[in-house]
Structures are given as C-alpha cells and as structure tokens.
Amino acid sequence: GDSVTQMEGPVTLSEEAFLTINCTYTATGYPSLFWYVQYPGEGLQLLLKATKADDKGSNKGFEATYRKETTSFHLEKGSVQVSDSAVYFCALKNNAGNMLTFGGGTRLMVKP
Amino acid sequence: DTAVSQTPKYLVTQMGNDKSIKCEQNLGHDTMYWYKQDSKKFLKIMFSYNNKELIINETVPNRFSPKSPDKAHLNLHINSLELGDSAVYFCASSHGQGGGQTQYFGPGTRLLVL
C-alpha cells in the first residue's frame, strides 16, 4: 500500500537558519503530494502541493519539488522564523483513491 | 468565516459511554472525511464520504460510525468508548475526489476517555 516516510523530529534551528525536512513516499501510479502544517493547538493547514513530477509547490517562503526519480518531496525554507515552529506533515493522495496518507509528522522548533 | 467547523472542541467522558462529534463545512464541498490523530501526532484516515459512497478504513472498529444528515455535515458517532479512543479527531472536506484536490481541515476535537 501507499506510505510516506518523514525524518523524525524534533528539528531545532536558530532563527534565519536553512530548513530541510525530508519526505519520501511509496505509491502506485502518480500520486499528488502535499505538505500540511499544524500550529500548536490548531488543525492542519495546507502549506503547499504538487500534482505531477517536477512540479514545485511554494508558499510563505517554503518550497518542495516533486521528484519522481527519487520518490521524494523534501520541504525547504531559506530562512526560518520563530513563527514557523509547528509540526509539518508530508502526505500523498493517489489518483486511484481519495484519502490522504500522512507521514508521521516532523516537529520544528525555531529559537530566537 | 469558518470553512470547516467541529463541535465540541474538547470532550471528556467515561469509558463505555456513547458520544458524537459534529462537523460542518460551508465550502460547498461534496466529499468529507474523518481522521484520527494519536498522542504521537500520527494521522490516520477513518472514513471518506460523499453522497454516493462511504469508504471505511478497514482498521476502524465498527463502534465508530459516520452519519451525514446532508452534504454539508458529517458527524462521527462512537459507541462504547474505550481508553484507546482518546485522540484528536479531525474532520476535513474537499471538492471532488481527484488526486490533486486539496482537503481542508477543521480545528479538531480533543477526546479524552477516562
């Protein structure tokens, strides 16, 4: 079945540091890929998505590129802020179904 | 305007009770979902529902049942609550079921079973 693997956290960075959160997936066919963010005490919000190979999703300074050859969708940001502290979830949705399969989540802590 | 709303936000109850969590979306979406997030933040789909089809994750106990009075609502009813049901439950909705469709999540209901 489909699966998503994320790097385990917590990831602790200083403000303005470069961020990478790794995400790899296993799926049949050509899934769509998503990054969701969950701020403390809140629900999930879509951060960005990509629906086909080589697409780059971007939002709020975050980027991720759909790499079919490496089955990856790594999240990056050039300069993190304290307000980026949250849990980040990588997810996929296979075109054959309508349910999201989530990775285990990666907690990011940004210190001033 | 709240796109996907859930009530209650917090629910504390005794083992063996029956409880319901309500979900409403005002996005005009035709597909709704329930997810469970455990204490380690792991998220798992429970149900997917539109006006034509209910898809149940086979790992979900039959004590859990979704009920949809209309297209904008998908409530979650839980019978005979167990300690292991303690979790955060998220409702979500989307327009259609295609692979690229974005799912919008509610704020979650934190259920604690004592």
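Refer to the structure presented above.
What counts and what doesn't
- Residues numbered from 1 in each chain as written.
- Chains lettered and ligands numbered in written order.
- Predicted model: local features only at pLDDT ≥ 70, side-chain atom pairs only at ≥ 80, totals over all residues.
- Heavy atoms only, no water.
- Disulfide = S-S within 2.5 Å.
- Helix = DSSP H or I, 4+ residues; strand = E, 2+ residues; numbered from the N terminus.
- Buried < 20%, exposed > 50% of the residue type's maximum accessible area, 1.4 Å probe, protein only.
- Patch = residues over 30% accessible without salt bridge, like charges linked within 9 Å, V, L, I, M, F, W, Y side chains within 5 Å.
- Areas by Shrake-Rupley, 256 points an atom, 1.4 Å probe, with all protein chains shown as cover.
- Salt bridge = Lys/Arg side-chain N within 4 Å of Asp/Glu carboxyl O.
- Contact = heavy atoms within 4.5 Å.
- Buried area = accessible area lost by both parts, 1.4 Å probe.
- Polar contact = N/O pair within 3.5 Å; in protein donor to acceptor, adjacent residues only side chain to side chain.
- Nonpolar A, V, L, I, M, F, W, Y, C, P; charged D, E, K, R; others polar.

**Q** Help me get a handle on the state of the cysteines, residues and values and all.
**A** Residue and element names in this part refer to chain A. For the structure on display, the rule yields 2 disulfides over all chains. Here C23 is linked by a disulfide to C90, with a sulfur-sulfur distance of 2.0 Å. Handedness of the C23-C90 disulfide follows from its S-S torsion of about -70°: it is left-handed. With C23 in strand β4 (residues 23-26) and C90 in strand β10 (residues 86-93), this residue pair connects regions lying 67 residues apart in the sequence. Residue C23 shares its accessibility class with C90, and that shared class is buried.

**Q** Which residues make up a nonpolar patch on the surface, and what values do they have?
**A** On the surface, V12, L112 and L114 of chain B cluster together into a nonpolar patch covering about 270 Å² of accessible area. In this fold, L114 of chain B is placed in the segment after β11 (109-113).

**Q** Any details on the interface of chain A and chain B? Residues and values, ideally.
**A** Each side of the interface is counted separately: chain A has 23 residues, and chain B has 23 residues. Of the roughly 1800 Å² buried between chain A and chain B on both sides combined, carbon and sulfur atoms contribute 54%. The interface formed by chain A and chain B includes 0 salt bridges. Here chain A and chain B share 5 residue pairs in polar contact (both at pLDDT 80 or more) between them. Looking at the side of chain A that touches chain B, the elements with two or more residues in it are β5 (32-38), β6 (44-50) and β10 of chain A. Among the elements that make up the side of chain A that touches chain B, the one with the highest residue count is β5 of chain A (4 residues). For the side of chain A that touches chain B, the class distribution of residues is 8 nonpolar, 11 polar and 4 charged.

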